[in-house]
Amino acid sequence: MEDKKTDIWDSFSGFLEKENAIRTALTLFDWDNETLAPEAASEKTAKAYGALSAVYQELLTGEKAGELLENVKTEKSLSQRKQALVTKVEKERKKLLSVSEEEYRRFSELTAMSVRTWSRAKKQNDFSAFIPVLEKIVEMRKNFACRRAKDGQRPYDVLLSDYEEDFTIEKLDQFFGELKAGILPLVKERTRKNKVCPIACDFLFQNFDVEKQRHFNKWLAAYLGFQFSRGVLSESEHPFTTSFHKDDVRITTHYYKNNLESAVFSTIHEAGHGIFEQGNEDWITQTLLAGGTCGVHESQSRFYENMIGRNRAFWEPIYGKLQKNFPEQLEDISLDVFIRAINRSEPGLIRTEADELTYCLHIIIRYELEKRLISGEVAVSELEEEWKSLYGEYLGVVPKTAGEGVLQDIHWALGEFGYFPSYALGNAMAAQIYHQMNQQMDVEELLRKGDIDQITGYLREKIHRFGASKGVEEILLEMTGEKLNPKYYVEYLKEKYGE
């Protein structure tokens, strides 16, 4: 009997190795397309990407895959991780079965090329150049979602489930309602105080040599715990993290010569993602390498970026190094002045550079637009004006160009509708984790000593090692004794920005 069980799992593992090999190749295409590939290569590369995607779909939807899944599902003694792996593979198979081979290949080619179209439109501040491509992406995503919908399920709920299985429109409306109620009054009060007593930050926007920024940011990622023997830091238009397995994790950042904090905090953010992935158990497949939901992943990047990276105690032992890298710009800037500047709160246009207090308002705007876009209430051609309207309503600022407005994010070019809420869920989860961690250890004292390893070790034990076998609610319940509770995030913001 034991041999039979072993044979069943071994057969399934062999299938997963093939699945992982194709997925890895597709991931490598994505990485190259956003970092090093020449622009002229995009059309031919998209064709190759589409062909390989079709092979992936064929493998997952074939009769052999179905037989292997049915056999392995009969095993009652599988570990929780193996069960989670089987569940994820089955979900992916059902998703791919709902789309024809021709449609899947066409969509894969479309999104592979759309990244370059988006990047070009963003640089030229020309949303009209991107509209035809985005209309095709939206149409296909809505069509695919409708086919997968069950029992009257709304298409956007289907798309949300690809990233957050525990959260529906109904739950997110309630979640974002609580955040708005807690955050909007704080934003108004902080904006009023800024007018009375503005915070000096001009020194962050001087001329900072990009090569020196590269040197410091690589050191910073390593200081945080990102292991370069198992990872890479590169550059892209939009910072991101990807991985092939836990020993090949790749992060990117983007440098601006006149904005020091942009690369610093995007590096810390992506290093948080990377450290999470390097801390996973040694899965044989990418399927369980990433977070159980994207909210888990984002909780780690936001935890490192904000709870650690904007903490005064974190900078106490290392601010001198930053000053030595840029003596002309920072030599006369005290640590206190630097900390106030990187923790200032002021409504802005760019999500990735938003402060902690206003960040979730950027997400709420995207959530509301996505929800209306997928339901058909808003057309793609209306997005730019709707974007401006919501920014004026929630943040009191209106973008003058498409690059700083509707085109600033890459997600829609990739067809990733439903992803944005994960950032807000990650923020709330990070605050809940931070509250719990402070009950277990003196976090600030560890940061003053430069002992980030102990903090990371705690996260690795409670979160990282599980990979995607557990989601937001399950991890928090086991770690803190309750499911996601936005009150910790609101209280954290009140304590920090109510001062």
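Everything below is about the structure printed above this text.
Summarised in this report is the structure supplied together with it. (Residues numbered from 1 in each chain as written. Predicted model: local features only at pLDDT ≥ 70, side-chain atom pairs only at ≥ 80, totals over all residues. Heavy atoms only, no water.)

1. Topic: the overall build of the protein chain
For step 1, the next point in the chain: For the protein chain, the count of helices and strands is 22 helices and three strands.
For step 2, the next point in the chain: A compact globule built from 499 residues would reach a C-alpha radius of gyration of about 23 Å, and the protein chain, at 23 Å, matches this within 12%.
For step 3, the next point in the chain: The principal-axis extents of the C-alpha atoms in the protein chain amount to approximately 70 × 50 × 45 Å.
For step 4, the next point in the chain: Looking at the protein chain as a whole, 57% of its 499 residues are labelled buried.
For step 5, the next point in the chain: Long-range pairs, those at least 24 residues apart, make up 75% of the contacts in the protein chain between residues at least 6 apart in sequence.
For step 6, the next point in the chain: Accessible surface computed for the protein chain: about 21,400 Å², of which carbon and sulfur atoms make up 48%. (Helix = DSSP H or I, 4+ residues; strand = E, 2+ residues; numbered from the N terminus. Rg over C-alpha atoms; globule rule 2.2 N^0.38 Å. Buried < 20%, exposed > 50% of the residue type's maximum accessible area, 1.4 Å probe, protein only. Contact = heavy atoms within 4.5 Å. Areas by Shrake-Rupley, 256 points an atom, 1.4 Å probe, with all protein chains shown as cover.)

2. Looking at the pairing of strand E3 (residues 248-253)
For step 1, the next point in the chain: In terms of burial, E3 is largely enclosed, as six of its six residues are buried.
For step 2, the next point in the chain: Residues Asp248, Arg250 and Thr252 of E3 are buried on one face, and the alternating residues Val249, Ile251 and Thr253, pointing to the opposite face, are buried as well.
For step 3, the next point in the chain: With five bridges joining them, strand E1 (residues 231-235) and E3 adopt parallel strand pairing. Note that in E3 the partner of glutamate 235 across the bridge is threonine 253.
For step 4, the next point in the chain: By the bridge criterion, four bridges tie strand E2 (residues 241-245) to E3 in an arrangement that is antiparallel. Bridge assignment links histidine 245 to a residue of E3, and that residue is aspartate 248.
For step 5, the next point in the chain: In textbook terms, the turn of a hairpin is the stretch between consecutive antiparallel strands, and for E2 and E3 this stretch comprises two residues. (Pairing = 2+ DSSP bridges.)

3. Notes on the side chain of asparagine 280
For step 1, the next point in the chain: Structurally, the position occupied by asparagine 280 is in the loop between helix H10 (260-278) and helix H11 (294-308).
For step 2, the next point in the chain: Within the local environment of asparagine 280, its side chain forms a polar contact with the backbone oxygen of phenylalanine 276, the two atoms lying 2.9 Å apart.
For step 3, the next point in the chain: Of note is the side chain of asparagine 280, whose polar atom sits 3.3 Å from the backbone oxygen of glutamate 277. (Polar contact = N/O pair within 3.5 Å; in protein donor to acceptor, adjacent residues only side chain to side chain.)

4. Section: the packing of aromatic side chains
Centre-to-centre distance and the angle between the planes together describe a pair of aromatic rings.
For step 1, the next point in the chain: Applying the stated criterion to the full structure yields 27 aromatic pairs.
For step 2, the next point in the chain: Ring geometry for tyrosine 163 and tyrosine 419: centres 5.4 Å apart, planes at 75°, overall edge-to-face. One end of the pair, tyrosine 163, is in the loop between helix H7 (155-161) and helix H8 (169-196); the other, tyrosine 419, is in the loop between helix H17 (383-394) and helix H18 (421-440), with 256 residues separating them in the sequence.
For step 3, the next point in the chain: Judged by relative accessible area, which is 13%, tyrosine 163 ranks as buried.
For step 4, the next point in the chain: On the basis of relative accessibility, which here comes to 14%, the residue tyrosine 419 falls in the buried class.
For step 5, the next point in the chain: Ring geometry for phenylalanine 226 against phenylalanine 228: centres 5.2 Å apart, planes inclined by 85°, an arrangement best described as edge-to-face.
For step 6, the next point in the chain: A residue is classified by how much of its surface remains accessible, and phenylalanine 228, at 26% relative accessible area, is partly exposed.
For step 7, the next point in the chain: Following the ring pairs from residue to residue traces out a cluster consisting of Tyr163, Tyr359, Trp387, Tyr391, Trp412, Phe417, Tyr419, Phe420 and Tyr423.
For step 8, the next point in the chain: Above the face of the phenylalanine 265 ring, arginine 310 is positioned so that its terminal group lies 3.9 Å from the ring centre.
For step 9, the next point in the chain: Geometry around tryptophan 219 places lysine 321 over its ring, the cationic atom sitting 5.0 Å from the centre. (Phe/Tyr/Trp six-rings, centres within 6.5 Å; stacked < 30°, edge-to-face > 60°. Lys NZ or Arg CZ within 6 Å of the ring centre and 35° of its normal.)

5. Observations concerning the sheet that holds E3
For step 1, the next point in the chain: One open sheet holds the three strands; their spatial order is E1-E3-E2, and the pairing between them is mixed. With one partner strand each, in any of the chains shown, E1 and E2 form the two edges of the open sheet. Taken pair by pair, the neighbouring strands of this sheet meet at an average axis angle of 20°, ignoring direction.
For step 2, the next point in the chain: Against the sheet, H10 makes contact with E1, E2 and E3, and its axis sits at roughly 165° relative to E3, the strand it touches most. (Axes fitted to C-alpha atoms, helices over the stretch in contact; angles between N-to-C directions.)

6. Some remarks on the nonpolar core
For step 1, the next point in the chain: Ranked by size, the top nonpolar core spans 149 residues in total, and within it Phe303, Trp315 and Phe338 carry the most contacts.
For step 2, the next point in the chain: With 11 residues, helix H16 (residues 356-375) is the single largest residue contributor to this core.
For step 3, the next point in the chain: Sequence-distant contacts of tryptophan 315, defined by excluding residues within four places in its chain, comprise Phe216, Val264, Gly309, Leu322, Leu335, Phe338, Ile339 and Ile342. (Core = buried A, V, L, I, M, F, W, Y, C linked by side-chain atoms within 4.5 Å.)

7. A few points about the environment of proline 399
For step 1, the next point in the chain: In this structure, proline 399 sits in the loop between H17 and H18.
For step 2, the next point in the chain: What makes proline 399 buried here is its relative accessible area of 5%.
For step 3, the next point in the chain: Sequence-distant contacts of proline 399, that is, excluding residues within four places in its chain, are made with Leu349, Trp387, Lys388, Tyr391, Glu404 and Gly405.

8. Regarding H18
For step 1, the next point in the chain: Between its first and last C-alpha atoms H18 spans 29 Å; for 20 residues at 1.5 Å apiece the expected length is 28 Å, and the two agree.
For step 2, the next point in the chain: The buried count for H18 comes to 16 of 20 residues, which makes it a mostly enclosed element. (Expected span 1.5 Å × (residues − 1).)

9. With respect to the pattern of salt bridges
As a working rule, side chains carrying opposite charge can pair if their charged atoms are close by.
For step 1, the next point in the chain: Enumeration according to the criterion identifies 37 salt bridges in this entry.
For step 2, the next point in the chain: For glutamate 235, the salt bridge identified is with arginine 214, shortest N-O distance 2.4 Å. Taken together, the positions of glutamate 235 in strand E1 and arginine 214 in helix H9 (residues 210-224) put the pair 21 residues apart, joining distant regions of the chain.
For step 3, the next point in the chain: Linking aspartate 409 and arginine 366 is a salt bridge whose minimum nitrogen-to-oxygen distance equals 2.6 Å. Residue aspartate 409 is found in the loop between H17 and H18, and its partner arginine 366 is found in helix H16; the two are separated by 43 residues along the sequence.
For step 4, the next point in the chain: On the basis of relative accessible area, aspartate 409 is assigned to the buried category, the value being 7%. (Salt bridge = Lys/Arg side-chain N within 4 Å of Asp/Glu carboxyl O.)

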